[in-house]
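# Coordinates in review
Next come the chains, spelled out residue by residue.
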Amino acid sequence: MSIPAGGLSFRARFERRAAPVDDGYGNVEGGWVVVATLAAHFRAAHGRERLEAGRLESTLEGVLTVHAGPTARTIGAGDRVVIVAGPYADLPMQIRAVTPRPDAASIEFVCEAGVAT
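The structure contained in this document is the topic of the report that follows.

This brings us to the nonpolar core. One finds Phe14, Leu64, Val66, Val81 and Phe109 to be the most contacted residues of the largest nonpolar core, which totals 21 residues. Taken together, the elements giving at least two residues each to this core come down to β1 (10-17), β4 (32-52), β5 (55-67), β6 (80-83), β7 (92-100) and β8 (106-113). Among residues more than four places away in sequence, those in contact with Phe109 are Phe14, Gly62, Val63, Leu64, Val66, Ala72, Ile75, Ile95, Ala97 and Val98.

Written out as structure tokens, the structure reads:
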């Protein structure tokens, strides 16, 4: 799917795990650093619930589409995305797959929220 007629109605912040740092006590710490904030279109695919380790876990999957600029091409499955505003605001999502579109004008990211990042 290319960018829909409604356009890029979301802002998405792409983040990459910072280099891990040992705190001197054997604990490795490392947060997330912002790679880019881009205009995007998000289409929720579906949510699901499953029993994991005796607890009910809820996940949300969707497809995020952005223009295929030089920065967007560097983003991969090891990164994560956070929608900046709207109904999915501040929800970190793990990038599961990156699919450049055949027209080379946009890139789709299959994302999943509610899982370990």
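Now, onward.
Counted under the stated rule, the structure contains five salt bridges. Across the pair Arg13 and Glu15 runs a salt bridge whose closest N-O atoms are separated by 2.7 Å. The exposure class assigned to Arg13 is partly exposed, which follows from its relative accessible area of 23%. Notably, a salt bridge pairs Arg80 with Glu15, separated by 2.6 Å at the nearest N-O pair. Here the residue Arg80 occupies a position in strand β6, and Glu15 occupies one in strand β1, the gap between them amounting to 65 residues. In terms of burial, Arg80 and Glu15 fall into one category: buried. Within the structure, one salt-bridge network assembled from shared partners comprises Arg13, Glu15 and Arg80.

Calculation notes
- Residues numbered from 1 in each chain as written.
- Predicted model: local features only at pLDDT ≥ 70, side-chain atom pairs only at ≥ 80, totals over all residues.
- Heavy atoms only, no water.
- Core = buried A, V, L, I, M, F, W, Y, C linked by side-chain atoms within 4.5 Å.
- Buried < 20%, exposed > 50% of the residue type's maximum accessible area, 1.4 Å probe, protein only.
- Helix = DSSP H or I, 4+ residues; strand = E, 2+ residues; numbered from the N terminus.
- Contact = heavy atoms within 4.5 Å.
- Salt bridge = Lys/Arg side-chain N within 4 Å of Asp/Glu carboxyl O.

All quantities given are derived from atomic positions and should not be read as evidence of function.
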